[in-house]
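This is what each chain is made of:
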Amino acid sequence: MSAFRGARERARIEVTAAIKDEARRQLAAEGAAKLSLRAVARELGMVSSALYRYFPSRDELLTALIVDAYDSVGEAAEKAHRTALPDASVPAAHLNRWVAVACAVRDWALAHPHEYALIYGSPVPGYTAPQTTVGPASRVGLVLIAVVQEAHRQEGLSLPPLAEELRPEAERLAADLAPDLPPAVVAPLVAAWSQLFGLLSFELFGQFNRVVEAREVFFRQAVAELARAVGLLGGRR
């Protein structure tokens, strides 16, 4: 790569980052529905036609912000998974790992409330997320699955009851998401994934105001119960 081309690529990376940073400021101030390429260009001192060379439409800019947010929270979950009690001989190691991952997601959400709202809040009117967002959006769920898979291999799981009328759906979910896990575990695992973000949404969007005061303690207890619901044991059998 020539020095000129390298400098041009660096400049493009810097301008792209500045555009996304300004867009995030607009998200915080106005919300995703009011995100405007013209307003972003104006704040950066750019003409609109120049910004369109980086993001041809509002939807493409939104998609970039959404992918960044999913990747950021996914990275936080993956880091917690790597660093939290990897020794399966430690009592409750897998349950503790599950809680550590959930708490890392909560810490990210509290530090990035507007980005959390973008990916887990109300849909943006007129915007349909493309297929490119699916992989990043799956990262947290895949970490939770990995914790349960490790427990299944190393410690065993306490299989939760499964209603017969739910079995076909549970078997489909298992085949799609985690073929090595029992269907009786995968159905509550999907429920736990959704309930994790329900807890976070209640906290971030104010539904816990004047209801729950000890938020962190409450959250840890709640996600520990979700771990037990998917069959994670409190210690080795």
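Remember, predicted model here, so these are calculated numbers, not experimental data.

Asks: Honestly, the overall build of the chain in this entry has me stumped. Any pointers?
Replies: Looking only at helices and strands, the chain features eleven helices and zero strands. Moving toward the C terminus, one meets the helices and strands of the chain in the order α-α-α-α-α-α-α-α-α-α-α. Based on the C-alpha atoms only, the size of the chain along its principal axes is roughly 65 × 50 × 35 Å. Residue burial in the chain is summarised as follows: out of 237 residues, 45% are buried.

Asks: What exactly am I supposed to notice about the nonpolar core here?
Replies: Most often, soluble globular proteins keep nonpolar side chains buried together rather than apart. By size, the foremost hydrophobic cluster in this structure holds 67 residues, and its most contacted members are Trp-98, Val-148, Val-223 and Leu-232. Leaving out residues up to four positions away in the same chain, Leu-232 has contacts with His-94, Leu-95, Trp-98, Val-147, Val-148, Ala-151, Leu-157 and Ala-227.

Asks: So what exactly am I meant to see when it comes to unusual backbone geometry here?
Replies: Note on backbone geometry: most residues besides glycine have negative phi, and most peptide bonds are trans. Phi angles above zero are rare outside glycine, and Arg-210 is one such case at about 65°. By secondary structure assignment, the location of Arg-210 is in the loop between helix H10 (183-204) and helix H11 (215-229). Exposure remark for Arg-210: the relative accessible area of 80% places this residue in the exposed category.

Asks: How do you make sense of the pattern of salt bridges when you look at a structure like this?
Replies: Going through the model one piece at a time under the given rule, you end up with 15 salt bridges. Here Arg-24 makes a salt bridge to Glu-115, at a shortest N to O gap of 3.8 Å. Of this pair, Arg-24 sits in helix H1 (residues 3-30) while Glu-115 sits in helix H6 (residues 113-120), placing them 91 residues apart in sequence. The residue Asp-71 makes a salt bridge to Arg-139 at a minimum N-O spacing of 2.8 Å. Of this pair, Asp-71 sits in helix H4 (residues 58-83) while Arg-139 sits in helix H8 (residues 139-154), placing them 68 residues apart in sequence.

Asks: I keep staring at the packing of H6 against H10 and nothing clicks. Help me out?
Replies: Two numbers describe a pair of packed helices, the interaxial angle and the distance between the axes. Viewed as axis vectors pointing N to C, H6 and H10 meet at an angle of 130°, and their least axial separation amounts to 11 Å. Here H6 is positioned oblique relative to H10, judged by the angle of their axes. Here H6 and H10 pass one another in a crossing that is left-handed. Along the contact surface, H6 presents Pro-113, Tyr-116 and Tyr-120, while H10 presents Phe-197, Leu-200, Ser-201 and Leu-204. Of the residues belonging to the contact of H6 with H10, the class tally is six nonpolar, one polar and no charged.

Asks: Would you explain H10 in this entry?
Replies: Residues lying three or four places apart along an α-helix face the same way, a consequence of the helix completing one turn every 3.6 residues. Its 22 residues place the ends of H10 32 Å apart at the C-alpha level, agreeing with the 32 Å of an ideal helix rising 1.5 Å per residue. Looking one or two residues beyond H10, the residue adopting positive phi is Gly-206, at roughly 95°.

Asks: Can you help me understand the side chain of Glu-203 in this one?
Replies: With respect to the secondary-structure elements, Glu-203 resides in helix H10. One polar contact links Glu-203 to Arg-106, side chain to side chain, over a distance of 2.8 Å.

Asks: I keep staring at the packing of aromatic side chains and nothing clicks. Help me out?
Replies: The relative placement of two aromatic rings is captured by the distance of their centres and the angle of their planes. A full pass over the atoms with the stated rule returns seven aromatic pairs. Pairing Tyr-116 with Tyr-120 gives two aromatic rings, centres 5.0 Å apart and planes at 45°, and the pair type is tilted. A residue pair is termed a helical-turn pair when its members lie 3 or 4 positions apart in one helix, as Tyr-116 and Tyr-120 do in helix H6 at four residues. For the pair Tyr-116 and Tyr-120, one class covers both residues: buried.

Asks: How do you make sense of the packing of H4 against H6 when you look at a structure like this?
Replies: In the contact formed by H4 and H6, the axes pass within 9 Å of each other and the chain directions differ by 110°. One finds that H4 runs roughly perpendicular with respect to H6. Where H4 abuts H6, its residues Leu-62, Leu-65, Ile-66, Ala-69, Tyr-70 and Val-73 lie against Glu-115, Leu-118, Ile-119 and Tyr-120.

Asks: Is there a simple way to explain the side chain of Thr-133 in this structure?
Replies: Topologically, Thr-133 is positioned in the loop between H6 and helix H7 (134-137). Only 2.8 Å separates the side chain of Thr-133 from the backbone oxygen of Pro-130, close enough to count as a polar contact. If we skip the residues at most four places from it in the chain, Thr-133 touches Thr-63, Ile-66, Val-67, Tyr-70 and Tyr-127.

Asks: Would you take a moment to explain the environment of Thr-133 for this structure?
Replies: A relative accessible area of 6% places Thr-133 in the buried class. Separated by 66 residues in the primary sequence, Thr-133 and Val-67 have C-alpha atoms spaced 5.7 Å apart.

The rules behind the values
- Residues numbered from 1 in each chain as written.
- Predicted model: local features only at pLDDT ≥ 70, side-chain atom pairs only at ≥ 80, totals over all residues.
- Heavy atoms only, no water.
- Helix = DSSP H or I, 4+ residues; strand = E, 2+ residues; numbered from the N terminus.
- Buried < 20%, exposed > 50% of the residue type's maximum accessible area, 1.4 Å probe, protein only.
- Core = buried A, V, L, I, M, F, W, Y, C linked by side-chain atoms within 4.5 Å.
- Contact = heavy atoms within 4.5 Å.
- Salt bridge = Lys/Arg side-chain N within 4 Å of Asp/Glu carboxyl O.
- Axes fitted to C-alpha atoms, helices over the stretch in contact; angles between N-to-C directions.
- Parallel < 35°, antiparallel > 145°, perpendicular 65-115°, else oblique.
- Left-handed = near helix turned anticlockwise from the far one by under 90°.
- Nonpolar A, V, L, I, M, F, W, Y, C, P; charged D, E, K, R; others polar.
- Expected span 1.5 Å × (residues − 1).
- Polar contact = N/O pair within 3.5 Å; in protein donor to acceptor, adjacent residues only side chain to side chain.
- Phe/Tyr/Trp six-rings, centres within 6.5 Å; stacked < 30°, edge-to-face > 60°.

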